[in-house]
Amino acid sequence: GDLSHHISRQRLQQTNWTMEHFGALWPAIFPLGVACAQHVWQHYLSPSRNVVRVEQLVIYPIKSCGGISVNECAYDRLGLLNDRRWILVDEQSNMITMRQYPRMALIQPRLDAEGRLWVTAPGMEEIEIPPASDTSKPLKIKIWDDPVIVAVLTAECCDWFTRYLGRPTRVAAVLPRDMHRRAIDPKYDVSDPALRINAALADGYPFLIFSQESIDELNTRLDDPVTAAHFRPNIVVRGARAYAEDTWRRIAIGDSEFDLVKACSRCTMTTIDPLLGTRHHGLQPLKTIRAYRGIEDDAFFGQNAMQVRAEGIVRVGDLVRVVQTQPSPFA
């Protein structure tokens, strides 16, 4: 009896000691527990949490011409397949763009079931635009300050664009993907050198990414609303807050990852209506963007991006996950 009483008393003392110390620690433990519960709810359980997904995928086969919306698209070391793989140039081998000829927005491409590229335009017959061939003549051109070797296509193709634009025009294609060279600006190139990630014939980077919410917010500032097409993106996502892409350093889209390396500096191409091929009389939305997202003389909208791996597939509906963040230059 005495032994049993002693053990019971000892257990009671241990319990009282534990409760006293737990009570002393409770003010420190409780807020931590609440914070953990809130994190789990907001990021994993809450039905109202933000889910970011790919809403649009767009390729622009011929630089500065119309785009094609697709449900899924593979990419290689140059970007999305068939994106900016052809270009128009003048007699001096300088690129011809929508900045000079807004009507280029009305040159509408399509890919047939065999993957062949066809284009049409107002008042013009449809014509097939082939890739580079063994008989194509190489030509050194300039995309901004970058020298690039391309392949001039047939006289028939060149004549089609000459007639539409009303000026001598040559159409050229990238060399086969293993031969094409156009390095990313080394100041922003974070890719593995072994992958040889290059731009095709885009202004500088393989991908352009932004959110639909950024377009929606911009439209609250404009008298004449714009669409994502004014900014010629490759990937438009939905479900993020406006301009969240400014703070994304690396994202995962489905099984692929992308580094967002530089805010995209915008030009007068944003002022061209992609459906009408005409320039906005008030130079909108560029004027408004410069007022609230300008740094020095540049206006920025969207993020230039690079693929982490040299091959993959992106699909509409893919989940977008933020892997790494960065400070926004516009905060």
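Position numbers for residues start from 1 in each chain and track the written sequence from start to end. Selection of residues for local features in this predicted model requires a pLDDT of at least 70, selection of side-chain atom pairs for listing and counting requires 80 or more, and totals for whole chains, interfaces and linings are taken over all residues. Water and hydrogen atoms play no part in the side-chain values, which are based on all heavy atoms of the structure.

K.L.:
An account of helix 4 (residues 286–293) is requested, with residue identities and associated values reported.
P.N.:
For each residue, the accessible area found with a 1.4 Å probe, counting protein chains only, is set against the maximum for its type, and the residue is called buried under 20%, exposed over 50%, and partly exposed in between. By definition, any uninterrupted DSSP run of H or I lasting at least four residues is a helix, any uninterrupted run of E lasting at least two residues is a strand, and each is numbered from the N terminus. Every buried residue belonging to helix 4 is among L286, T288, I289 and R293, and all of these are buried. Along the axis of helix 4, the buried positions cluster into a sector of 160°, meaning they face one direction only. Counted as exposed and oriented over 90 degrees from the buried face of helix 4: K287 and A291. Here the arc refers to the directions that run from the helix axis out to each C-beta atom.

K.L.:
Summarise helix 3 (residues 212–219); cite the residues concerned and give the values.
P.N.:
Within helix 3, six of the eight residues are buried, which leaves it mostly tucked inside the rest of the structure. Among all positions of helix 3, only Q212, E213, S214, I215, L218 and N219 are buried. The elements touched by buried residues of helix 3 are strand 1 (53–59), strand 12 (207–211), strand 13 (235–238), helix 4 and strand 17 (298–307). Note on definitions: a residue-residue contact is assigned when non-hydrogen atoms from the two residues lie within 4.5 Å.

K.L.:
I'd like a rundown of the layout of surface pockets, residues and numbers included.
P.N.:
Whether a set of points on the 1 Å grid over the protein atoms alone is a cavity depends on a 1.4 Å probe fitting there but being unable to get out, while an open set qualifies as a pocket with protein on both sides within 12 Å along at least five of seven lines; lining residues are those with an atom within 4 Å of a point. Grid points are joined across faces, edges and corners, and a volume is the space filled by probe spheres set on the points. Its boundaries defined by the atoms lining it, the largest pocket holds a volume of some 830 Å³. Around the largest pocket, the lining is made up of 30 residues, and of these W144, D203, G204, C264 and S265 lie nearest the centre. Listing elements by their share of the lining of the largest pocket, those giving two or more residues are strand 12 and strand 15 (256–266). The biggest single contributor to the lining of the largest pocket is strand 15, with four residues. Side-chain classes are defined by residue name, with Ala, Val, Leu, Ile, Met, Phe, Trp, Tyr, Cys and Pro counting as nonpolar, Asp, Glu, Lys and Arg as charged, and the others, Gly among them, as polar. Here the residues of the lining of the largest pocket sort into twelve nonpolar, seven polar and eleven charged.

K.L.:
Break down the pairing of strand 5 (residues 86–89) for me, citing the residues and quoting the values.
P.N.:
Residue alternation in strand 5 divides its side chains into two sets, W86 and L88 and I87 and V89, and both sets are buried. Any two strands with at least two DSSP-identified bridges between them are counted as paired. With four bridges connecting them, strand 5 and strand 11 (residues 170–174) associate as antiparallel partners. By the bridge assignment for strand 11, L88 is matched with V171.

K.L.:
Describe in detail unusual backbone geometry, supporting the description with residues and values.
P.N.:
Between Q284 and the following residue, P285, the backbone shows a cis peptide bond with an omega angle of 10°. Counting through the fold element by element, P285 comes out in the loop between strand 15 and helix 4. The backbone phi angle of R196 is positive, close to 55°, even though this residue is not glycine. Examined against the element boundaries, R196 turns out to sit in the loop between strand 11 and strand 12. Judged by its relative accessible area of 33%, R196 is partly exposed. Of note, R232 is a non-glycine position whose phi angle comes to about 50°, a positive value. Structurally, R232 is set in the loop between helix 3 and strand 13.

K.L.:
I'd like a rundown of the sheet that holds strand 9 (residues 137–143), residues and numbers included.
P.N.:
With respect to topology, four strands assemble into an open sheet ordered 5-11-10-9, the strand pairing being antiparallel. The strands lining the two open edges of the sheet, one partner per strand, are strand 5 and strand 9. Within the sheet, the average angular offset between the axes of one strand and its neighbour, ignoring direction, is 45°. Helix 2 (residues 155–165) rests against strand 5, strand 10 (146–152) and strand 11 of the sheet, and its axis sits at about 130° to strand 11. Only the contacting stretch of a helix is used when fitting its axis, a line to C-alpha atoms as for every element, and angles between N-to-C directions run 0 to 180 degrees.

K.L.:
How would you summarise the packing of aromatic side chains if you had to cite specific residues and measurements?
P.N.:
Only centres within 6.5 Å qualify two rings of Phe, Tyr or Trp (six-membered ring in Trp) as a pair; their planes then separate them into stacked at under 30 degrees, edge-to-face at over 60, and tilted for everything else. Scanning all chains against the criterion turns up eleven aromatic pairs. Each ring, one from F210 and one from F231, has its centre 6.0 Å from the other, and the planes form 80°; the classification is edge-to-face. Placement of F210 in strand 12 and of F231 in the loop between helix 3 and strand 13 is noted, with a sequence separation of 21 residues between them. Both residues of the pair, F210 and F231, belong to the buried class. Through a chain of ring-to-ring contacts, three or more aromatic side chains come together here, namely F210, F231, Y243, Y292 and F301.

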